[in-house]
Amino acid sequence: MRYLILILIALNVACAKNTSYIEPEYEAYVHEFMNDAAAFGIRLDASRLTIVNETMVKEGSVRTLGVCSIDSNNNLRITMNKELFESKTPELRDFVMFHELAHCLVRMPHFDSDIDIMNTYVNNAFPIFMNDKKTLKNKVFQRYIDTTLK
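Residues numbered from 1 in each chain as written. Predicted model: local features only at pLDDT ≥ 70, side-chain atom pairs only at ≥ 80, totals over all residues. Heavy atoms only, no water.

1. Details of helix H2 (residues 27-39)
Selection criterion: Numbering of helices and strands runs from the N terminus; a helix is a DSSP stretch of H or I covering at least four residues, while a strand is a stretch of E covering at least two. Multiplying one less than the number of residues by 1.5 Å gives the expected span of a helix. We call two residues contacting when some pair of their heavy atoms lies within 4.5 Å.
Between its first and last C-alpha atoms H2 spans 19 Å; for 13 residues at 1.5 Å apiece the expected length is 18 Å, and the two agree. In this structure, the buried residues of H2 make contact with strand E1 (49-53), helix H3 (82-86), helix H4 (90-106) and helix H6 (133-149). Immediately beyond the C-terminal end of H2, within one or two residues, lies Gly41, with a positive phi of roughly 80 degrees.

2. Brief notes about the state of the cysteines
A covalent bond bridging the sulfur atoms of two cysteines is what the word disulfide describes. Note the cut-off: Two cysteine sulfurs form what is called a disulfide whenever their separation falls within 2.5 Å. Throughout, exposure labels follow a simple rule: accessible area from a 1.4 Å probe, protein chains only, divided by the maximum for the residue type, with under 20% read as buried, over 50% as exposed, and the rest as partly exposed.
In this structure the tally under the stated criterion is one disulfide. The side chain of Cys68 participates in a disulfide bridge whose partner is Cys104; the two sulfur atoms lie 2.1 Å from each other. Residues Cys68 and Cys104 share a disulfide whose torsion about the S-S bond is about 115 degrees; that sign makes it right-handed. With Cys68 in strand E2 (residues 66-70) and Cys104 in helix H4, this residue pair connects regions lying 36 residues apart in the sequence. Among the residues examined, Cys104 registers a relative accessible area of 0% and is labelled buried.

3. Here we look at the sheet that holds E2
What counts, and what does not: In this analysis, strands are considered paired if DSSP registers two or more bridges between them. An axis is simply a line fitted to the C-alpha atoms; with a helix, the fit covers only the stretch in contact. Between two such axes, the angle follows the N-to-C directions and lies from 0 to 180 degrees.
What the three strands build is an open sheet, ordered E1-E3-E2; its pairing is mixed. Since the sheet does not close on itself, it has two edges, and those belong to E1 and E2, each with one partner. The sheet shows a mean angle of 20 degrees between the axes of neighbouring strands, taken without regard to direction. With five bridges connecting them, E2 and strand E3 (residues 76-80) associate as antiparallel partners. For Gly66, the partnering residue across the bridge sits in E3 and is Met80.

4. Digging into unusual backbone geometry
Of note, Asn74 is a non-glycine position whose phi angle comes to about 70 degrees, a positive value. Secondary-structure assignment places Asn74 in the loop between E2 and E3. The residue Arg107 is not glycine, and still its phi comes out positive at about 55 degrees. Tracing the backbone shows Arg107 in the loop between H4 and helix H5 (122-131).

Okay, structure coming up:
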């Protein structure tokens, strides 16, 4: 009986389907990110990506807009603070979604220089992003190529 249960559990894990889901309001961001990556010759797989809305607890004075997490099965999850996200300008929402997608889809860590879209704190790089969005986005894809594909 014990072996039968173990076999059933193993079969259930092996046959488990990917439950990827992207909230409709984020689909255009994913599409744009994938197109931007493709322009660099980078083929990404977003089939394991889930983007959901959740209310996030405020930690001190910091309010988090979004968080990327990757589980042991390589499932990618971006959790967005919808209320806070929707209160921001379209430009800031674009910045934040690109940042979180870069964490999940190209495994980009934080780079805390003032002129990097992967800066931990949005306020540091966002003014530059407003003036030169393309350059900052391209910097992420070039860094990915330089560190991963060579």
